[in-house]
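# Structural overview
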Amino acid sequence: MSNRFGTKVGRQFRVWLPTMPLTMVSARNATATHPAWAIFRTPPRMTKHEIKEHLTKIYNLPVKNVNTMNYEGKRKRILTQSKTVFYKYSDFKKAVVTFDATFKDIGLGMRIPELEEEEAAEAAAKAEGASGNSTALSATKRS
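Residues numbered from 1 in each chain as written. Predicted model: local features only at pLDDT ≥ 70, side-chain atom pairs only at ≥ 80, totals over all residues. Heavy atoms only, no water.

Counting 16 residues, the largest nonpolar core has Ile51, Leu55, Val63, Val97 and Phe99 as the members making the most contacts within it. At the level of secondary structure, the elements contributing two or more residues to this core comprise strand S4 (37-42), helix H1 (48-59), strand S5 (63-71) and strand S8 (92-99). Ranked by residue count, the leading element in this core is S8, at three residues. Every residue in contact with Leu55, bar those within four places of it in the chain, is listed here: Leu22, Phe40, Asn60, Leu61, Val63 and Val97. (Core = buried A, V, L, I, M, F, W, Y, C linked by side-chain atoms within 4.5 Å. Buried < 20%, exposed > 50% of the residue type's maximum accessible area, 1.4 Å probe, protein only. Helix = DSSP H or I, 4+ residues; strand = E, 2+ residues; numbered from the N terminus. Contact = heavy atoms within 4.5 Å.)

On to the sheet that holds S5, then. Ordered by their spatial adjacency, four strands build an open sheet running S3-S4-S8-S5, and the pairing between neighbours is antiparallel. Lying at the two open borders of the sheet, with one neighbouring strand each, are strand S3 (23-28) and S5. Direction aside, neighbouring strands of the sheet carry axes that sit 20° apart on average. Here S3 runs beside S4; their pairing, made up of five bridges, is antiparallel. By the bridge assignment, Thr23 is partnered in S4 with Arg41. (Pairing = 2+ DSSP bridges. Axes fitted to C-alpha atoms, helices over the stretch in contact; angles between N-to-C directions.)

Should pLDDT be low for a region, the predicted coordinates there are not to be read in detail. The predicted model of the protein has a mean per-residue pLDDT of 79, with 73% of residues at 70 or higher. Ranking the elements of the protein by mean pLDDT puts strand S2 (residues 6-7) last with 42 and S5 first with 95. Confidence over residues 1-9 falls short of pLDDT 50; this stretch has four contacts with residues more than four positions distant or in other chains. (pLDDT = per-residue confidence, 0-100.)

What the rule picks out here adds up to three aromatic pairs. Relative to Phe92, the ring of Tyr71 lies with its centre 5.1 Å away and its plane at 15°, an arrangement referred to as stacked. Taken together, the residues Tyr71 in strand S5 and Phe92 in strand S8 connect sequence positions 21 residues apart. We classify Tyr71 as partly exposed; its relative accessible area is 33%. The class for Phe92 is buried, based on a relative accessible area of 19%. A cation sits over an aromatic face here: Arg41 above Phe92, 3.6 Å from the ring centre. (Phe/Tyr/Trp six-rings, centres within 6.5 Å; stacked < 30°, edge-to-face > 60°. Lys NZ or Arg CZ within 6 Å of the ring centre and 35° of its normal.)

Its location among the elements puts Leu61 in the loop between H1 and S5. Taking the C-alpha atoms as reference points, Leu61 and Phe99, separated by 38 residues in sequence, lie 7.6 Å from one another.

Negative charge collects at one region of the surface, where Glu114, Glu117, Glu118, Glu119 and Glu122 lie side by side. Counting through the fold element by element, Glu122 comes out in helix H2 (residues 113-142). (Patch = residues over 30% accessible without salt bridge, like charges linked within 9 Å, V, L, I, M, F, W, Y side chains within 5 Å. Areas by Shrake-Rupley, 256 points an atom, 1.4 Å probe, with all protein chains shown as cover. Salt bridge = Lys/Arg side-chain N within 4 Å of Asp/Glu carboxyl O. Lys, Arg positive; Asp, Glu negative; His and termini not counted. Charge placed at Lys NZ, Arg CZ, Asp CG, Glu CD.)

This next bit is on H1. Taking 1.5 Å per residue, twelve residues should reach 16 Å; H1 reaches 16 Å between its end C-alpha atoms and fits that length. Of all the positions in H1, only Glu50, Ile51, His54 and Leu55 are classed as buried. Within H1, the buried residues cover an arc of 130° as seen down the axis, which keeps them to one side. Away from its buried face, by an angle of more than 90 degrees, H1 presents the exposed residues His49 and Lys57. Those residues of H1 that are buried lie in contact with S4, S5 and S8. Asn60 lies just past H1 and shows a positive phi near 55°. (Expected span 1.5 Å × (residues − 1). Arc of directions from axis to C-beta.)

So, in structure tokens, the structure goes:
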């Protein structure tokens, strides 16, 4: 079916907003021999291309490769005295995303260099204070 603007848009056009559930399960930083990678849990209907586009356009991540695995949700049953109830967890897709070689640090946790320097200075001051107090205590015990 066509209209004056061209052909009708098929059902394949989908928009993934930032609110879509793309949950990071685990990640590893880059090493000398391997690039950085992360594992995401996604809805089963997302394709590899859509996952890559979602990460590159919304989060500006340099995605090199996407591998996916489909999982069926576990089936459970509850046995009661009067009846048996069956239920199933939702299906999901696991996506292993390999990042470009330029991407070294995944950024798990937030590191602020100024705070790290202050904490190191405080730890050094405590260490000096503890060693100074122990010598003062030993000197008072001798006398």
